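Residues per chain, in single letters:
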Amino acid sequence: MNTFIRSCRTQLVADTVAITFLLVVQIVLVYLLWMKDHFFIPPELLIAGFIETVLVTLFLQVVAVVQLLLVTWGIFGFCTHQAKSKGDKGCRVDVKDLFFGVLYIPFCLSGAFLTATASRPWSTRPLEGGAEIFVRTVPLTLVVFTVIPGVYVVYHGSQSPLLRYPTRTTRSSVSPAALGTARIGIFVGHDLKLVVTGLLLLPLYILLIMDLGKLMTIITFVLATLTGAGIIILLTYSKRTYPIRGPGKRPHAPSPLSQEEKQAKRAKAVARATAKRLKKQRGHIPEVCSPEDVRWTDIVSLLGQDVVDKAAEDGSEFNSPFLFKSEVELEVKAISSNGEGLAQSDEEDSKPWVVVVPFCLPGERVKCRVFKNDRMHSLADFMQIIRPNSVLRDDERVNCKYFSKCGGCQYQMLSYETQLAFKRNVVVKAYKNYSGLPQSVIPEIQSTIGSPLQYGYRTKITPHFQAPPPKVDRIALQAQVESGDKPDWLQIGFNIQSQNKVFDIEECPIATPVLNRALPEIFQNVVKTIHTYKKGATLLLRESLDTSVDPDPNDTSKDTKLCITNNHASIRERVGGFLFEYVASSFFQNNNAILPALTSYVREAIASLYPDPNDSSRPTHLIDTYCGSGLFAITLSPDFSTVAGIEISADSILYAKRNAKLNGIAAEKMTFRKGDAAEIFKTVSDFPPEKTVMEELSGAYRPPRKFNLVQQVAIGF
Ligand SMILES: C[S@@+](CC[C@H](N)C(=O)[O-])C[C@H]1O[C@@H](n2cnc3c(N)ncnc32)[C@H](O)[C@@H]1O
């Protein structure tokens, strides 16, 4: 038997003594009570009273437990915060212990209540001598309820005594000296709780015996509450006093067999704990290249890989120094590729931790409210700029009344040049972090080419709205909305930044004027039919040339722009001298204004590699991977004799073929092949590698060395 187990047994004995003490006190008191003047209570009355008391006590208990648990968590949160702010890992409270500690208090309260009223205000049914019998049976009930959790605590303590010790490491390295301290902690935190609870019952019994009335009840109530709170605080802090460190001593060598068993058990436990930890961590590992992954990469760059590795090693990577909903002032150190500020505390001894705050810039001091804690970082809502970066920020530039509420735009306070510089940096980081290429072969990322339009350019927007709340009467709603009256709860617009909650919009300054003009009528239709929706929905608004007019790539005179809302409709757009059609729900670049510049840039970038038109090594073949409806394949086609587009979506392939035809490109010159772009060699094995250029605009594919690499472009769209 090692020191630790012996200690646990001692603990068990201590628990039993404490419980017995309680029981004895209670039994003596019940006996005194009975002895007072009623030696005999008819059994049926005793049973009826007992049952009713149990029910009432249970009810009161549920109410009180809920209230007290709320208080408990408040105190627990406070203690944890205090501990953390002192650089601790935070207190560890055994929730079950705490629960039973708290559970005693409502018993006292309910008993005091019953005693004080002695009149069953909750019942109109008279019970012969009922009030008296309540008073007499309360202690019995209390005894029963004290024994049950008491036995549980003892059983719990004996079955899983290790639970008392904070972590696996500390358990396996318990030194006798440390155990001594721990025992004090356990006594203070656990046994004392039982003893205090027993003492706490005393006023109740005095009240029963002496019939002191309501004043005493109030005193009991206050006493019980204060003592309860005291117990909780004691519990919380006493657990923090477990200072167990250092190598453990095992005085008695165990037999080889039990040693083997123990090793197997330990290995199993370690495997279980590792699996659990990995599962937890996996839940926090974002999908590669997702916005969360991009953010995490930026966080690691800011903190340093060594700091992140160290936190993972010592298991503190999820120990946030910030409480949920806490409001903090921080210094913004960098901006992530997603456009959010990465802020840190400027306190000297602060834990290495990043807080992600939208709508702020490097060099600013910002106030924010933490709403989620994650691995080595927290997410926060923007509240206020305390100290602006006056070089970069000019709020006069903001052209949208929803900016800093809407999740759509992040950079409107910046000059357009700075926005383009930030975007360039996104491409630089994307190459560095995701290309897998050595730095030496990564091309120089050029300046971002700006869009001709900075507002009014988006040809697609997707506002949302929620369905009527369940409590809304649909018939009354129909009458209301058919007259065009919009219910208060109905919001049609975009999501509030980092929330799954929609806010109303009247306009979207980055959308084209055609879409903005169409918004009121579309929203009005939603209002009028909202009673028919079972779920919320997303609207699609897409700008298109009028498709009822015959398409002609060379004649723009009949071009009329419309707003299309049908997901299955064909959309038509003009890009330079080419026409493109695609299905409304599929992908197409959302900034039509920049497409001539974008496609010309790629075309010129390829041409510039071979300035001599007679250069025999000039490529003749082009592959447009991830080609969608053929934007690049078609716009670059004049420079090549053979072009192939590779695309995984059969619908897009259909439209790409149709677009080639629409623009008068011969089927022999241009083919579209359905396939996975990663399998590119299978798909285009007929293309001569040395004469082939591959264009790729999706960010998901690394160009193989076998093909010439088109200089990558970073374009502001
Ligand atoms: C961002 S869009 C670009 C489309 C086109 N290059 C343009 O700029 O209009 C990406 C396209 O890649 C396609 N795609 C996604 N995964 C693919 C894969 N593994 N192989 C081929 N195409 C894929 C999608 O269906 C989509 O049409």
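This one's a predicted model, so the numbers in the text were calculated from it and none came from an experiment. (Residues numbered from 1 in each chain as written. Predicted model: local features only at pLDDT ≥ 70, side-chain atom pairs only at ≥ 80, totals over all residues. Heavy atoms only, no water.)

1. Regarding the pattern of salt bridges
So, step 1. Counted under the stated rule, the structure contains 22 salt bridges.
So, step 2. When the shortest N-O distance is used, the salt bridge between R387 and E331 registers 2.7 Å. Within this pair, whereas R387 is found in strand β5 (residues 377-387), its partner E331 is found in strand β1 (residues 327-335), the two being separated by 56 residues in sequence.
So, step 3. The partly exposed category is assigned to R387, whose relative accessible area is 37%.
So, step 4. Accessibility expressed as a relative area gives 13% for E331, which makes it buried.
So, step 5. For the salt bridge of R424 with E444, the shortest nitrogen-to-oxygen distance reads 3.6 Å. Pair noted here: R424 is in helix α11 (residues 416-434) and E444 is in the loop between α11 and β6 (460-461), with a separation of 20 residues, a long-range link. (Salt bridge = Lys/Arg side-chain N within 4 Å of Asp/Glu carboxyl O. Helix = DSSP H or I, 4+ residues; strand = E, 2+ residues; numbered from the N terminus. Buried < 20%, exposed > 50% of the residue type's maximum accessible area, 1.4 Å probe, protein only.)

2. Topic: helix α14 (residues 595-609)
Residues spaced three or four apart along an α-helix face the same direction, because each turn holds 3.6 residues.
So, step 1. Compared with an ideal rise of 1.5 Å per residue, which puts 15 residues at 21 Å, α14 spans 22 Å between its outermost C-alpha atoms and is within 8% of the ideal.
So, step 2. Taken together, the buried positions of α14 are L595, L598, T599, Y601, V602, A605 and I606. Buried residues of α14 fall within an arc of 150 degrees about the axis and therefore sit on the same side. (Expected span 1.5 Å × (residues − 1). Arc of directions from axis to C-beta.)

3. Looking at the packing of aromatic side chains
So, step 1. The final tally for this structure, using the stated rule, is seven aromatic pairs.
So, step 2. An angle of 70 degrees between the planes, with centres 5.4 Å apart, marks the rings of F359 and F403 as edge-to-face. Here the residue F359 occupies a position in the loop between β3 (354-357) and β4 (365-374), and F403 occupies one in the loop between β5 and α11, the gap between them amounting to 44 residues. For the pair formed by F359 and F403, the shared burial category is buried.
So, step 3. Measuring from centroid to centroid gives 5.4 Å for Y402 and F503, while their planes differ by 55 degrees, and the two rings are tilted. Here Y402, found in the loop between β5 and α11, pairs with F503, found in strand β9 (residues 502-504); they are 101 residues apart in sequence, far enough to count as distant. (Phe/Tyr/Trp six-rings, centres within 6.5 Å; stacked < 30°, edge-to-face > 60°.)

4. Regarding helix α16 (residues 650-662)
So, step 1. Given a rise of 1.5 Å per residue, 13 residues ought to cover 18 Å, and the 18 Å separating the end C-alpha atoms of α16 matches this to within 8%.
So, step 2. Within α16, burial applies to S652, I653, Y655, A656, N659 and A660. Taken around the axis of α16, the buried residues stretch over an arc of 165 degrees, which confines them to a single face. In α16, the exposed positions angled more than 90 degrees off the buried face are occupied by L654 and K661.
So, step 3. Packed against the buried residues of α16 are β13 (570-575), β14 (578-583), α15 (631-636), β16 (642-647) and β17 (670-674).
So, step 4. Following α16 by one or two positions, G664 adopts a phi angle in the positive range, close to 70 degrees. (Contact = heavy atoms within 4.5 Å.)

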